[in-house]
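Chain and residue survey
Okay, here's what each chain looks like letter by letter:
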Amino acid sequence: WRPVGLWRPRPRGPPPPPSPAPAPSLAPGHLFRPINAEDEEQQPTEIESLCMNCYNNGITRLLLTKIPFFREIIVSSFSCEHCGWNNTEIQSAGRIQDQGVRYTLTVRALEDMNREVVKTDSATTRIPELDFEIPAFSQKGALTTVEGLINRAISGLEQDQPTRRANKDATAERIDEFIVKLKELKQVASPFTLIIDDPAGNSFVENPHAPQKDDALVITHYSRTLQQEEMLGLQAEVPAEKPEEEDLRNEVLQFNTNCPECNAPAQTNMKLVQIPHFKEVIIMATNCENCGHRTNEVKSGGAVEPLGTRITLHITDPSDMTRDLLKSETCSVEIPELEFELGMAVLGGKFTTLEGLLKDIRELVTKNPFTLGDSSNPGQTEKLHEFSQKLDQIIEGNMKAHFIMDDPAGNSYLQNVYAPEDDPEMKVEHYKRTFDQNEELGLNDMKTEGYEACLAPQR
């Protein structure tokens, strides 16, 4: 069919004489007016069309409208006066969006059942509490409410129930039980979650508090997968799968080794992990079934950074202990309030939390037989006990302190809980390495350009 809203019946008889000048076209703003029941000028276009139920002529009404805080849509409604059959659909009047969208609504009260919903053909609807899903392209698009979506699902399930009961189908009883659960959702006796996932990005769930934030509604925009691109017709076919060597990040590799404690045969697991807002790292873990010894180690998956990194965190709240932390082998740790400094390579590379690293530091200090043994200095023992107590106060959140990670290689990381915004309690500095730091990292004698010419005479 032709573009909606611009179609008019052509009168019979000889064609009219050509007009001297074409009429000016309507601006898009005049075609799509904000949806409003009190707008008398906003009238639907009526077209006589064939009823697919009784094959008589019915009436199709088309309305071009705009949803507030959303976009333009076309509402199509068909009704047949002969057999009473009717149907309502919506289509997006805009293009497929650059990203898909996922609306997660927590329905807590009856008012939430009246929220307006735009569900396009490509959207998938889910209710996790009932393990219920309406797949994409199984229903036509609709402009409805949350209650209307549930009623539509109930109608779809009840459609073939008489046939199932007549055939004594075992699923008929189970479907009846499930329909009862769907009807109970409309009473909102307990909160439930409604998820509308549309790869085309053209679905919508009303925010009654707009433009303020809605605590019950979470909107997530995401990049479409290749399968979703193909489903929407944006890509002819899914390209061939990547070679196995490029899929290592989805696999856990295993290789045989010996336990560092009892030297018994053991296995080491290795996994390539992408840390958000940072880089890829390699995590290796060994578990010995003979003696129970466990160890884990972290290696940077990338090269040495051009600049060193110094991360300073002001610990002010117990929640800071849950921050993810990556300490490389080249990173040193300092806590000025305790006059404590941990040098490079001590404790090795670790991927843990801030609490986990502080507990490792406490264990390193308190279980050292050379500092707390029988032959230790009493004054030194007292200082170490005081240090351990202050460290416990920091872990419990009873003492504020600064935690500094200095990595000349730039391969250490501390989670920013406000990402991608700046963290007010964390400062990240990048600095140029000194000659001594480059020497310690072995970079001064490393030749990365023209080394082929040096190796040529040796071949």
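Residues numbered from 1 in each chain as written. Predicted model: local features only at pLDDT ≥ 70, side-chain atom pairs only at ≥ 80, totals over all residues. Heavy atoms only, no water.

Heads up, the rule is: UniProt positions are given in the numbering used here, feature names are shortened, and annotations may be inferred rather than shown by experiment.
In the annotation of an unreviewed UniProt entry, the entry for the protein reads Zinc finger protein ZPR1, and the organism field reads Daubentonia madagascariensis. UniProt, in the comment section headed Sequence similarities (unreviewed entry), describes the protein in these words: "Belongs to the ZPR1 family."

Considering the overall build of the protein
Test applied: Numbering of helices and strands runs from the N terminus; a helix is a DSSP stretch of H or I covering at least four residues, while a strand is a stretch of E covering at least two. Accessibility here uses a 1.4 Å probe with only protein chains present; expressed as a share of the type maximum, an area under 20% marks a residue as buried, one over 50% as exposed, and anything in between as partly exposed. We call two residues contacting when some pair of their heavy atoms lies within 4.5 Å. Residue burial considers only the protein chains on display, and all accessible areas are found by Shrake-Rupley using a 1.4 Å probe.
Of regular secondary structure, the protein possesses ten helices and 25 strands. Of all 459 residues assigned to the protein, the portion counted as buried reaches 33%. Long-range pairs, those at least 24 residues apart, make up 61% of the contacts in the protein with a sequence separation of at least 6. Surface accessibility of the protein: about 29300 Å² in total, with carbon and sulfur atoms responsible for 49%.

What to know about the packing of aromatic side chains
Our working rule: Working definition: rings of Phe, Tyr and Trp (its six-membered ring) pair if their centres are within 6.5 Å, and the pair is stacked with planes under 30 degrees apart, edge-to-face with planes over 60 apart, and tilted otherwise. Distance and angle both matter: a charge sits over a ring if NZ of Lys or CZ of Arg is within 6 Å of the ring centre and within 35 degrees of the ring normal.
A full pass over the atoms with the stated rule returns three aromatic pairs. Taken together, a centroid distance of 5.3 Å and an interplanar angle of 45° make the contact between Phe132 and Phe178 tilted. In this pair, Phe132 is assigned in strand 9 (residues 132-134) and Phe178 in helix 4 (residues 171-185), connecting sequence segments 46 residues apart. A centroid spacing of 5.2 Å and a plane angle of 35° characterise the contact between Phe340 and Phe387, whose relative ring orientation is tilted. Pair noted here: Phe340 is in strand 21 (residues 340-342) and Phe387 is in helix 8 (residues 378-396), with a separation of 47 residues, a long-range link. Arg310 extends its terminal NZ or CZ atom over the ring of Tyr431, reaching a point 4.7 Å from the ring centre.

So, unusual backbone geometry
Phi is positive for Tyr55, which is not a glycine, with a value near 65°. Positionally, Tyr55 belongs in the loop between strand 2 (45-50) and strand 3 (57-66). The phi dihedral of Val188 is positive, around 55°, even though this residue is not glycine. Secondary-structure assignment places Val188 in the loop between helix 4 and strand 11 (192-198).

Thoughts on the sheet that holds strand 7 (residues 116-119)
What links the strands of a sheet is backbone hydrogen bonding, and the strands pair in either a parallel or an antiparallel sense. Rules: Pairing between two strands is assigned when DSSP locates at least 2 bridges connecting them.
Pairing in this open sheet of three strands is antiparallel, and the strands run 10-7-12 from one edge to the other. Each end of this open sheet is capped by a strand with a single partner; those strands are strand 10 (142-145) and strand 12 (204-205). Sheet analysis places strand 7 next to strand 10, joined by four bridges and oriented antiparallel. Within the sheet, the bridge partner assigned to Glu116 lies in strand 10 and is Thr145.

Re the packing of helix 2 (residues 146-158) against helix 4
Heads up, the rule is: Axis geometry follows a simple rule: fit a line to the C-alpha atoms, using only the stretch in contact for helices, then measure angles between N-to-C directions, giving values from 0 to 180 degrees. Convention used here: angles under 35 degrees read as roughly parallel, angles over 145 as roughly antiparallel, angles from 65 to 115 as roughly perpendicular, and any remaining angle as oblique. By definition, turning the near helix anticlockwise from the far helix through less than a right angle yields a left-handed crossing, and turning it clockwise yields a right-handed one.
The N-to-C vectors of helix 2 and helix 4 enclose an angle of 165°; their axes lie 10 Å apart at closest approach. The angle between the axes of helix 2 and helix 4 places the two elements in the roughly antiparallel class. For helix 2 against helix 4, the interelement crossing comes out left-handed. Residue-level inspection shows Ile150, Ala153, Ile154, Leu157 and Glu158 of helix 2 in contact with helix 4, the latter providing Ile175, Phe178, Ile179, Leu182, Lys183 and Leu185.

So, the nonpolar core
So the rule is basically this: What makes a nonpolar core is a set of buried Ala, Val, Leu, Ile, Met, Phe, Trp, Tyr and Cys residues whose side-chain atoms join them at distances within 4.5 Å.
Ile127, Phe132 and Leu182 are the most contacted members of the largest nonpolar core, which has 33 residues in total. Not counting residues within four places of it along the chain, the set of residues in contact with Ile127 comprises Phe132, Leu182, Leu185, Phe192, Thr193 and Leu194. Ranked by size, the runner-up nonpolar core spans 27 residues in total, among them Val333, Leu357, Leu358 and Ile361.

With respect to helix 2
Just so we agree on the cut-off: A helix's residues, less one, multiplied by 1.5 Å, set its expected span.
Over its 13 residues, helix 2 runs 19 Å from end to end, which matches the ideal 18 Å to within 8%, given 1.5 Å per residue. The complete set of buried residues in helix 2 reads Val146, Gly148, Leu149, Ile150, Ala153 and Ile154. Next to the buried residues of helix 2 lie strand 6 (100-107), strand 7, strand 9, strand 10, helix 4 and strand 11.

Some points on the sheet that holds strand 25 (residues 426-431)
The strand order 21-20-23-18-25 describes an open sheet built from five strands, whose pairing is antiparallel. Each edge of the sheet is formed by a strand with only one pairing partner; in this case those strands are strand 21 and strand 25. Each adjacent strand pair in this sheet contributes to an overall mean axis angle of 15°, direction not counted. Two strands pair when backbone bridges link them, and strand 18 (residues 308-315) and strand 25 are joined in this way by six bridges, in the antiparallel orientation. Paired with Ile311 across the strands is Val428, a residue of strand 25.

Focus on a nonpolar patch on the surface
This is how it is decided: Patch membership is restricted to residues that have no salt bridge and whose relative accessible area is over 30%. Joining uses 9 Å for like charges and 5 Å for the nonpolar side chains Val, Leu, Ile, Met, Phe, Trp and Tyr. Definition used for salt bridges: Asp or Glu carboxyl oxygen within 4 Å of a side-chain nitrogen of Lys or Arg.
A cluster of nonpolar residues, Leu50, Met52, Tyr55 and Trp85, forms a patch on the protein surface that exposes about 470 Å² of accessible area. Its place among the elements puts Trp85 in the loop between strand 4 (72-79) and strand 5 (86-92). A relative accessible area of 36% means that Trp85 is categorised as partly exposed.

Things to note about the pattern of salt bridges
Scanning the model with the defined rule gives 15 salt bridges in all. The residue Glu386 makes a salt bridge to Lys390 at a minimum N-O spacing of 3.5 Å. Highlighted residues: Glu386 and Lys390, both in helix 8, separated by four residues, approximately one helical turn. You can call Glu386 partly exposed: its relative accessible area is 40%. Its salt-bridge partner being Lys427, residue Glu429 comes within 3.9 Å of it at the nearest N-O pair. Residue Glu429 is classed as partly exposed on the basis of its relative accessible area of 28%. Because the salt bridges share partners, they merge into one network encompassing Asp112, Arg115 and Asp214.

So, the environment of Tyr418
Within the secondary structure, Tyr418 sits in the loop between strand 24 (413-414) and strand 25. Ignoring sequence-local partners within four residues, the contact set of Tyr418 consists of Asp423 and Pro424.

Side note on the environment of Ala123
Here Ala123 lies in the loop between strand 7 and strand 8 (124-127). Given the relative accessible area of 0%, Ala123 is considered buried. Separated by 17 residues in the primary sequence, Ala123 and Lys140 place their C-alpha atoms 9.7 Å from one another. Ala123 has contacts with Ile134, Pro135, Ala136, Ile196, Asp197, Asp198 and Ser203, leaving out every residue within four places of it along the chain.

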